[in-house]
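A look at the structure
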Amino acid sequence: MDEEYDVIVLGTGLKECILSGLMSTDGKKVLHMDRNTYYGGESASLTPLSQLFDHFKQPAPVDDKYGRPRDWNVDLIPKFLMANGKLVQLLVYTGVTRYLEFKSLDGSFVRKTDGKLHKVPADEREALSSSLMGLFEKRRFKKLLSYCQSLDLDNPAAKNKDDKKIDPDNLDATQLYTEFGVDKNTQDFTGHAIALFLNDDYLHKNCKELIRRIQLYSGSLARYGKSPYLYPLYGLGELPQGFARLSAIYGGTYMLGKTVDELVMEDGKVVGVKSGGEVAKTKMVICDPSYVPHKVKKTGRVVRAICILKGKVEGVNNSESLQIIIPQNQVDRKNDIYICVLSNQQCVTAKGFYLGIVSTTVETSDPEGELQIGIDILNGKDKSNIAEKYVWYSLIITP
């Protein structure tokens, strides 16, 4: 290992593997190391099912209680990909899609204050029949969407002929909503179920980010129709492995299960990485934050409940894979609650079983209690749909 590299990458999370792949294709000499023996880091896919029980230090079920264990690929931190988003564009651009397959989700749902789940409309027909809004509100909402979709924010000279009075440069999101007269309920599901803001902080910022997110959602929805979301078959762990293969093709060197003792510094600059008495020299180190804990600080926590479900979730039009968003205002919180439901459609569960994951940003001294409304949705009216439940936390960190 006593060689010199252009860059050393520590950790095999998705971001690290993307950078490793891109730098290798750019002709850089790359060394990629990880203390773990698997790809994905904190976002790894656990397979077979016994890995999930080992992870939470619980005895694995016997007699294939949950189907064939090898059919399970459980993501600790599930992430949906926007069909027209930058990550998908990057996958296509780099050719990593040759290693991957994706499946679109059946739908996206939002919870209203009445406790019911409502499908976020996927087309005009669904919008007209949706119970999310009344008739007149639907017209106002349609005008808002049409305006946002027609704008070219990258061309300041372009003007919308029908709405010259609206200048997005000088409006915040609240003012934009006011221009179209949409009510608070419509603002809630537009900002949280379509634009996917985590909280209401965006309301007092320039409306361009809201418009861009609406455009991304609409563009992604147009790709497949049912929902804007894609999920990789066999779990998210396939994504970092895809970029790792790309890096290897262009000469990148991978070392899994390799401890990192320290970053070697000279005159305040990194010059290498020490591992087991060996030093790999480099002028640049890219790493996940766990390798430099003294350089980052904890700013919060995310709590998640991973649930094995015996059947489909109630009230979601018989959908087998979906996202449910509970906007913060619906449950008197500062941050939204997210529910992800996956099935054997995505090759992440055994047939007949489902995977439900509830998550939110911790706000109180009872994090698990903050998830209860989402857990109740997964468990159903008779409170018997959850077969297994495991709660864990991940840190929100900043430099």
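Described below are features of the structure shown in this document. (Residues numbered from 1 in each chain as written. Predicted model: local features only at pLDDT ≥ 70, side-chain atom pairs only at ≥ 80, totals over all residues. Heavy atoms only, no water.)

1. Notes on the sheet that holds strand β10 (residues 229-232)
Short version of the rule: Strands are treated as partners if at least two bridges between them are detected by DSSP. What counts as a helix is a DSSP run of H or I of at least four residues, what counts as a strand is a run of E of at least two, and both are numbered from the N terminus.
One open sheet accounts for 3 strands, arranged β6-β10-β7; its pairing is antiparallel. Each end of this open sheet is capped by a strand with a single partner; those strands are β6 (81-82) and β7 (102-104). Where β7 and β10 come together, 3 bridges link them in antiparallel fashion. The partner of lysine 103 across the bridge, within β10, is tyrosine 231.

2. Some remarks on the packing of helix α3 (residues 86-94) against helix α9 (residues 238-249)
The relative placement of two packed helices comes down to the angle between their axes together with the axis-to-axis distance. Operational definition: Each axis is a line fitted through C-alpha atoms, taken for helices only over the stretch in contact, and angles between the N-to-C directions span 0 to 180 degrees. Under this scheme an angle from 65 to 115 degrees is roughly perpendicular, one under 35 degrees roughly parallel, and one over 145 degrees roughly antiparallel; angles in between are oblique. The handedness criterion is simple: a crossing whose near helix is rotated anticlockwise from the far helix by less than a right angle is left-handed, and one whose near helix is rotated clockwise is right-handed. Residues are treated as being in contact if the distance between any of their heavy atoms lies within 4.5 Å. Ten residues, namely Ala, Val, Leu, Ile, Met, Phe, Trp, Tyr, Cys and Pro, are considered nonpolar, four, namely Asp, Glu, Lys and Arg, are considered charged, and the remaining ones, Gly among them, are considered polar.
Viewed as axis vectors pointing N to C, α3 and α9 meet at an angle of 30°, and their least axial separation amounts to 12 Å. On the basis of the axis angle, α3 is roughly parallel to α9. When you trace α3 past α9, the crossing you get is left-handed. Here Leu87, Leu90, Leu91 and Thr94 of α3 come into contact with α9, specifically with Leu239, Phe243 and Leu246. Among the residues forming the contact of α3 with α9, the class breakdown is 6 nonpolar, 1 polar and no charged.

3. Quick look at the pattern of salt bridges
Where side chains of opposite charge bring their charged atoms close, a pairing between them can arise. The following threshold applies: For this analysis, a salt bridge means a side-chain nitrogen from Lys or Arg found within 4 Å of a carboxyl oxygen belonging to Asp or Glu. Throughout, exposure labels follow a simple rule: accessible area from a 1.4 Å probe, protein chains only, divided by the maximum for the residue type, with under 20% read as buried, over 50% as exposed, and the rest as partly exposed.
Counted by the stated rule, this structure contains 13 salt bridges. In this structure, aspartate 169 engages lysine 208 in a salt bridge whose closest nitrogen and oxygen atoms are separated by 2.5 Å. Of the two residues, aspartate 169 sits in the loop between α5 (135-150) and α6 (173-180) while lysine 208 sits in helix α8 (residues 208-224), which places them 39 residues apart along the sequence. Residue lysine 389 pairs with glutamate 368 through a salt bridge whose shortest N-O separation is 3.0 Å. With lysine 389 in strand β20 (residues 386-398) and glutamate 368 in helix α10 (residues 367-370), this pair connects stretches of sequence that are 21 residues apart. Relative accessible area serves as the criterion here: at 33%, lysine 389 is assigned to the partly exposed category. Ionic contacts of the salt-bridge type, sharing partners, join the residues Arg333, Glu363 and Glu370 into one network.

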